[in-house]
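A look at the structure
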Amino acid sequence: MSFSRSDFPEGFLFGAATAAYQIEGAQYGGAGHSHWDTFAATPGNVIRREDGAQACDHYHRYEEDFDILKAGGFDAYRFSTSWARVQPEGKGPANPEGLDFYDRLVDAMLARDLKPFLTLYHWELPSALADIGGWANREIPERFADFSELVMGRIGDRVSATATLNEPWCVAFLSHFLGHHAPGLRDIRATARAMHHVMLAHGLATERMRGLGHENLGIVLNFDRAIPASGSAEDRAATATQDAVFNRWFIEAITKGAYPEEALAFLGPHMPAGWEADMATINKPLDWLGVNYYTRHVVKANADDPMSPINLDAELPTTQMGWEIYPEGLEYFLTWLKDEQVGDTPLYVTENGMAWDDRVENGTVFDPERIGFIDGHYQAALRAIKAGANVKGFFYWSLLDNYEWAFGYEKRFGMVHVDFDSMVRTPKASYHALKAAMAR
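Residues numbered from 1 in each chain as written. Predicted model: local features only at pLDDT ≥ 70, side-chain atom pairs only at ≥ 80, totals over all residues. Heavy atoms only, no water.

Quick word on the overall build of the chain
Of the regular secondary structure elements, the chain holds 15 helices and 13 strands. Expected size for 440 residues packed as a compact globule is a radius of gyration near 22 Å; at 20 Å, the chain falls within 12% of this value. The principal-axis extents of the C-alpha atoms in the chain amount to approximately 55 × 55 × 45 Å. Sorting the 440 residues of the chain into buried and exposed places 60% on the buried side. Look at the contacts in the chain between residues 6 or more apart in sequence, and 77% of them connect residues 24 or more apart. In the form shown here, the chain has an accessible surface area of approximately 16000 Å², with 50% of it arising from carbon and sulfur atoms. Charge separation in the chain, taken as the distance between the mean sites of 39 positive and 61 negative side-chain charges, equals 2 Å. (Helix = DSSP H or I, 4+ residues; strand = E, 2+ residues; numbered from the N terminus. Rg over C-alpha atoms; globule rule 2.2 N^0.38 Å. Buried < 20%, exposed > 50% of the residue type's maximum accessible area, 1.4 Å probe, protein only. Contact = heavy atoms within 4.5 Å. Areas by Shrake-Rupley, 256 points an atom, 1.4 Å probe, with all protein chains shown as cover. Lys, Arg positive; Asp, Glu negative; His and termini not counted. Charge placed at Lys NZ, Arg CZ, Asp CG, Glu CD.)

What follows is the structure in structure tokens.
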């Protein structure tokens, strides 16, 4: 790595991130059925119909995983709670085993001087709520606020920061318009409703938690750099539409109390009646914002379908996911957010990482490509800090190789290799390189 801890401001947090369904093992601890279980069981949705029933067995191995974080010199750990584990039916009384697990989890982090960064929802909707329409149903935001109160009532006194939702674009658009994630719909009416209801859920849960005295509340949004394929008016308009749907819809609902006109041009007719009255609940200050960033897309207008711009084939080196490696996009968003959206509100890079087909030789995992990726994106964050962005920390995605949603166990993002048969953990070369860079 070409950076060191001393290059960053005093108190900057170096962390790693995971998500409940991807690592815990959904079959344990009385967890209920989620819409990801259903999606994965449906042929054609997930590679080999793999699911998160076992995942990385973090449910039983969390002490070992936190020891790896501690040994690496990390300061913080971003994790999520499984709604289906805490409330198997999505409402009603909590599952005691579920809350006990997260209680143990937070105490184990604190025992190792790791700051717990909680994300309440990372894509796991209880099936009982999916049965009544999921995020297309206005009842779900109310149920989510109830869930947030249950979780925070148990561990809210010990977490360092809390995010309501992870990547609402994936929860709403990727899952209801493109159909790539649970529930796997391609329905513009359901999409428009989900796009609004995820933000209402954020607003209602934030109100509920603030009313109970909880502090340091935020949300985690994903951003994808959109660049026009040419200077034509058509390509610029297509890029503006993609940028509005992916990047601006969610943050501007919070900062401006309005959705972008470029997105409302096609989503507006399908929005739920009276949605405008909800914007006052959504349009409230954040204590911090989480920024997830992975790649860029070069956008060309689609004459046959203006709602579906064409993303051109990659011009730059790509990851195992086929995503272009473009650290400049992270610098762009951190400075854009500072200049146009949140001002001096603290920013955290809550996810950034690469999937790669790592080389394993004699028990050693070599991933020089990932080392270069991490180095480039940390340097991008440093440039944004020097430009005035109030970036307070950086969480690598992910600590562990894990269940990568529709890609099953095939794509490996981790700094720590996981043998999914034996569950043996092996820190990769990237882990050791980042450990050396973070050394005090």
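Observations regarding the side chain of Asp-103
Secondary-structure assignment places Asp-103 in helix α5 (residues 96–111). Polar side-chain contacts of Asp-103 include one of 2.6 Å to the side chain of Arg-158. Setting aside its immediate chain neighbours within four residues, Asp-103 contacts Arg-154, Ile-155 and Arg-158. (Polar contact = N/O pair within 3.5 Å; in protein donor to acceptor, adjacent residues only side chain to side chain.)

With respect to the pattern of salt bridges
Pairing is possible between side chains that carry opposite charge, provided their charged atoms lie close to one another. Overall, the coordinates contain 36 salt bridges when judged by the stated rule. Salt-bridge contacts for Arg-158 lead to Asp-103; the nearest nitrogen and oxygen are separated by 2.6 Å. With Arg-158 in the loop between α7 (139–155) and β4 (161–166) and Asp-103 in helix α5, this residue pair connects regions lying 55 residues apart in the sequence. Asp-103 shares its class with Arg-158; the two are buried. The salt bridge partner of Arg-412 is Asp-401, with a shortest N-O separation of 2.6 Å. Taken as a pair, Arg-412 in the loop between β11 (391–397) and β12 (416–418) and Asp-401 in the loop between β11 and β12 lie far apart in primary sequence, eleven residues in all. (Salt bridge = Lys/Arg side-chain N within 4 Å of Asp/Glu carboxyl O.)

Side note on the packing of aromatic side chains
Here the structure, examined in full by the defined rule, presents 50 aromatic pairs. Ring centres of Tyr-77 and Phe-79 lie 6.2 Å apart, and the angle between their planes is 5 degrees; this geometry places the pair in the stacked category. Among the aromatic residues, those joined into a cluster by ring pairs are Tyr-21, Trp-36, Phe-39, Trp-123, Tyr-403, Trp-405, Tyr-409 and Phe-420. One residue, Arg-85, lies across the ring of Phe-101, its end atom 5.4 Å from the ring centre. Sitting over the face of the ring of Tyr-332, Arg-225 holds its NZ or CZ atom 3.6 Å from the ring centroid. (Phe/Tyr/Trp six-rings, centres within 6.5 Å; stacked < 30°, edge-to-face > 60°. Lys NZ or Arg CZ within 6 Å of the ring centre and 35° of its normal.)

Brief notes about the environment of Ala-273
In this fold, Ala-273 is placed in the loop between α11 (261–267) and α12 (279–282). Judged by relative accessible area, Ala-273 falls into the exposed class, the value being 80%. Between the C-alpha atom of Ala-273 and that of Arg-193, which follows or precedes it by 80 residues, the distance is 9.7 Å.

Focus on the packing of helix α10 (residues 233–255) against helix α13 (residues 328–342)
Close contact between α10 and α13 brings their axes to 11 Å; oriented N to C, the two are set at 35 degrees. Considering only the axes of α10 and α13, their crossing is right-handed. Of the residues in α13, those in contact with Asn-247, Arg-248, Ile-251, Glu-252 and Thr-255 of α10 are Phe-333, Trp-336, Leu-337, Gln-341 and Val-342. In terms of residue class, the contact of α10 with α13 is made up of five nonpolar, three polar and two charged. (Axes fitted to C-alpha atoms, helices over the stretch in contact; angles between N-to-C directions. Left-handed = near helix turned anticlockwise from the far one by under 90°. Nonpolar A, V, L, I, M, F, W, Y, C, P; charged D, E, K, R; others polar.)

A short note on the nonpolar core
Counting residues in hydrophobic clusters, the biggest one holds 124 residues, and the most contacted among them are Trp-135, Phe-144, Tyr-259, Leu-289 and Leu-334. Not counting residues up to four positions away in its chain, the partners in contact with Phe-144 are Trp-83, Leu-120, Tyr-121, Trp-135, Thr-164, Leu-165, Ala-201 and Ala-205. (Core = buried A, V, L, I, M, F, W, Y, C linked by side-chain atoms within 4.5 Å.)

Points about the environment of Phe-420
In this fold, Phe-420 is placed in the loop between β12 and β13 (425–427). Linking Phe-420 and Asn-402, residues 18 residues apart in sequence, is a C-alpha distance of 8.7 Å. Non-local contacts of Phe-420, meaning those with residues more than four positions away in its chain, are made with Ala-55, Cys-56, Asp-401, Asn-402, Tyr-409 and Arg-412.

Notes on unusual backbone geometry
Cis geometry marks the peptide bond from Ala-182 to Pro-183; its omega dihedral reads 10 degrees. Its location among the elements puts Pro-183 in the loop between α8 (168–176) and α9 (188–211). Cis geometry marks the peptide bond from Trp-397 to Ser-398; its omega dihedral reads 5 degrees. Its location among the elements puts Ser-398 in the loop between β11 and β12. Even without a glycine there, the phi angle at Arg-49 is positive, about 55 degrees.

Description of the pairing of strand β8 (residues 347–351)
Extensive coverage of β8 is indicated by the burial of five of its five residues. When strand β6 (residues 288–300) meets β8, the two strands line up parallel, connected through four bridges. Opposite Leu-289, over in β8, you have Leu-347 as the bridge partner. Where β8 lies against β11, three bridges are found, and the strand directions are parallel. Note that in β11 the partner of Tyr-348 across the bridge is Gly-393. (Pairing = 2+ DSSP bridges.)

Some points on α13
Across its 15 residues, α13 extends 20 Å between first and last C-alpha, which sits within 8% of the 21 Å expected from 1.5 Å per residue. Most pronounced at Trp-336, the bend in α13 amounts to some 30 degrees. What α13 keeps buried is the set Gly-329, Leu-330, Phe-333, Leu-334, Thr-335, Trp-336, Leu-337, Lys-338, Gln-341 and Val-342. Tucked inside the fold, the buried residues of α13 contact β5 (217–228), α10, β6, β8, α14 (368–386) and β11. Trailing α13 by a residue or two, Gly-343 shows a phi angle of about 60 degrees, which is positive. (Expected span 1.5 Å × (residues − 1). Bend = angle between axes of the 7 residues up to and from the residue.)

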